[in-house]
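For reference, the chains in residue letters:
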Amino acid sequence: MEVQATYLERVRAGEWEALAARRDKARLRKNALSSALFGGVGAFTILLVFLLLAVIVYKGAPTISWEFLSQPPKEGMSAGGIWPMIRGSLLLMLGTFLLATPIGIFGGVCLAEYGERSRIMRLMHASVAALAGTPPIVYGLFGLAIFVLKFKLGVSLLSGWLTLTLFSLPVIVLTTESALKTVPSALIDGGLALGLSRWQTLWRIALPYAMPGIMTGVILSLGRAAGEATPVLFTASIYYSTAQLTLGWETLRQPVANLPYYLAEGYRQPGVVPDHLIWGACLTLIVLVLLMNAAAILIRTCARRRYL
Amino acid sequence: MMTAAVATPAKTAIRTEGLSVSYNGKPALKSVNIEFYENTVTALIGPSGCGKSTLLRALNRMNDRIPDAVTQGKVFVNGINIYDRGVNLTRLRREVGMVFQKPNPFPMTIFENVALGPRLHYGLRGRALEEVVEDALRKAALWDEVKDDLKKKSGLALSGGQQQRLCIARMLAVQPRILLMDEPCSALDPISTQKIEELIVELGKQYTVIVVTHNLQQAARISQYTGFLMYGELIEWGETRQLFERPQRQETEDYIRGRFG
Ligand SMILES: Nc1ncnc2c1ncn2[C@@H]1O[C@H](COP(=O)(O)OP(=O)(O)O)[C@@H](O)[C@H]1O
Ligand SMILES: [Mg+2]
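Cut-offs and rules
- Residues numbered from 1 in each chain as written.
- Chains lettered and ligands numbered in written order.
- Predicted model: local features only at pLDDT ≥ 70, side-chain atom pairs only at ≥ 80, totals over all residues.
- Heavy atoms only, no water.
- Helix = DSSP H or I, 4+ residues; strand = E, 2+ residues; numbered from the N terminus.
- Buried < 20%, exposed > 50% of the residue type's maximum accessible area, 1.4 Å probe, protein only.
- Polar contact = N/O pair within 3.5 Å; in protein donor to acceptor, adjacent residues only side chain to side chain.
- Contact = heavy atoms within 4.5 Å.
- Near = heavy atom within 4 Å.
- Areas by Shrake-Rupley, 256 points an atom, 1.4 Å probe, with all protein chains shown as cover.
- Nonpolar A, V, L, I, M, F, W, Y, C, P; charged D, E, K, R; others polar.
- pLDDT = per-residue confidence, 0-100.

## Considerations on the side chain of Ser154 of chain B
Residue and element names in this part refer to chain B. In this fold, Ser154 is placed in the loop between helix H5 (143–146) and helix H6 (160–172). A relative accessible area of 5% means that Ser154 is categorised as buried. A polar contact is formed between the side chain of Ser154 and the backbone nitrogen of Leu156, at a distance of 3.0 Å.

Here is the structure:
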């Protein structure tokens with residue numbers, strides 16, 4: 001005669017293994033289910049990204065050659081290379097980097113230092129977070145209204161730098177702030193106990209500690225800026241002009257060709273620029289942005305290895 | 001209530017007068033009067049939460065860091081009340097160094113960890129700086145272990161015990177005369193603990209050393225003077241040997257007997 005022992009009887013009999021076995025089975029089932037779910041979704045996302053990349057590489061790779069990368073367009077842009085666009089994009093990035101990094105870090109430091117105590121700073125934080133989510137076209141129009149027209153800088157490299165700087169600032173400010181917040185307070189205590197002032201502790205201890213995180217933020221936000229056409233659309237861009245080929249002080253006041261704008265225009269005016277050139281430029285831009293992101297990761301791992 | 005020391009053996013380096021600290025209005029330290037002597041190790045003992053760290057942090061005004069903390073009373077360092085208006089915190093902390101319970105080396109090389117203080121405070125560079133760093137590392141009994149990769153290795157790559165000695169060296173390099181240590185061994189293994197204990201005894205010959213410890217045997221081993229705190233009150237203080245062998249107060253006796261079993 002077999003009677004199912006009740007739960008209480010089993011507990012009293014000390015059948016711990018048998019009790020555990022049931023839970024183990026349930027746990028295994030749940031693990032399998034969540035692995036499948038997350039694994040599936042993850043794999044799908046990765047697949048999608050790879051598909052996108054694969055198409056661009058497939059279409060763009062045949063065009064890539066030293067000549068394509070180093071020569072200006074020829075024959076009314078229907079042939080030749082895209083060097084002026086690459087150079088323009090690099091110029092835009094360089095100036096933006098030099099302007100946005102110090103200003104953004106300074107802003108992040110202010111928010112991290114005074115953010116919690118003052119209401120104005122909390123408001124600033126909220127505003128910066130909102131700006132980080134503002135669509136790039138808004139920056140483009142702002143740059144047009146203020147830098148191009150009001151300050152009479154014209155459609156120029158300079159206006160592009162200023163607009164892109166505004167565009168990348170919010171992300172730099174926010175990453176600087178959050179990187180500074182990860183600094184252990186034991187380190188700050190250590191600095192203050194040595195007699196360092198608040199600012200010395202910040203510059204000598206907190207900022208170096210947070211620097212890898214800050215630089216990651218800087219590069220990621222520049223990468224984003226590099227790929228956006230709309231902030232530079234009305235402020236800095238020109239499709240192509242032969243004046244592009246010399247560099248000098250006057251370049252600052254002249255518009256520059258750049259990759260995103262070239263792509264947008266080239267696509268908008270069908271028949272002028274042949275498809276294979278567009279795909280090649282597309283691949284070049286993606287590689288540029290990926291290289292920047294790779295640099296960010298490299299900086300972070302190197303810094304971590306150095307400190308730990 | 002207070003056990004006056006027998007003949008004062010040395011000059012007083014720090015003296016507190018009615019020192020009270022409260023957090024959010026809750027008293028953590030109640031009107032403490034104690035003296036710490038030059039070239040002497042004083043241990044602070046007592047059950048956890050009795051206010052040992054609070055007392056220590058009041059001596060170099062690290063409690064200023066805690067917005068909820070309110071300090072009353074006086075602390076005299078070199079005859080100056082450090083809670084007076086206009087006291088220069090940098091100068092105070094140059095004079096009164098501190099080591100924490102958990103080693104907290106900065107994320108930089110061993111050399112930079114020690115060099116930071118003297119470089120910023122005294123503008124030292126080059127050979128002078130290197131000599132000061134070496135001297136501090138020797139005093140902290142760490143020099144022989146790190147001299148070969150001083151400028152290559154991060155302070156964080158050291159073992160826990162070495163990290164704590166690095167923090168001691170970092171403090172010494174600023175040339176303080178009073179050293180505060182808050183349970184400096186509680187995060188360390190027995191061998192590292194023994195090294196730090198030996199180091200504290202050695203430092204006690206040249207500095208005013210104040211060590212918080214929850215380990216009574218340790219207090220007995222390393223200190224000449226001991227203060228016993230309970231519920232934020234300084235129950236008694238005096239020569240270590242006397243406090244352990246002939247405590248004046250019942251609470252002290254109970255605590256010591258309870259701990260020694
Ligand atoms: N930052 C703080 N905020 C509020 N209360 C605190 C703070 N630090 C310590 N306390 C309280 O003050 C009392 C004494 O703490 P502490 O000085 O750290 O004791 P000990 O070091 O002897 O263990 C405890 O009751 C503790 O809860
Ligand atoms: Mg404590």
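## A closer look at the environment of Pro27 of chain B
All names here are of chain B. Within the fold, Pro27 resides in strand S2 (residues 26–32). The spatial distance from the C-alpha of Pro27 to the C-alpha of Ile200 is 31 Å, given a sequence separation of 173 residues. Apart from residues lying up to four places away in sequence, Pro27 is in contact with Val21 and Ser22.

## Some points on the site of ligand 1
Residue and element names in this part refer to chain B. Ligand 1 sits among Tyr23, Ala28, Ser48, Gly49, Cys50, Gly51, Lys52, Ser53, Thr54 and Ile66. Taking Gly49, its main chain carries an N or O atom lying 2.7 Å from an oxygen atom of ligand 1. Take Lys52: an N or O atom from its main chain is 2.9 Å from an oxygen atom of ligand 1. Contact with the protein chains hides 63% of the accessible area of ligand 1, taken as 560 Å² for the molecule alone. The dominant element in the shell around ligand 1, judged by the number of residues it contributes, is helix H1 (residues 52–59), at three residues. Partitioned by chemical class, the residues of the shell around ligand 1 number four nonpolar, five polar and one charged.

## Considering the confidence of the model for chain B
Any residue range with low pLDDT should be treated as having predicted coordinates unsuitable for detailed reading. Looking at chain B, pLDDT values average 90 and 95% of them are 70 or higher. Both scores are given for the predicted complex: the pTM is 0.80, the ipTM 0.90.

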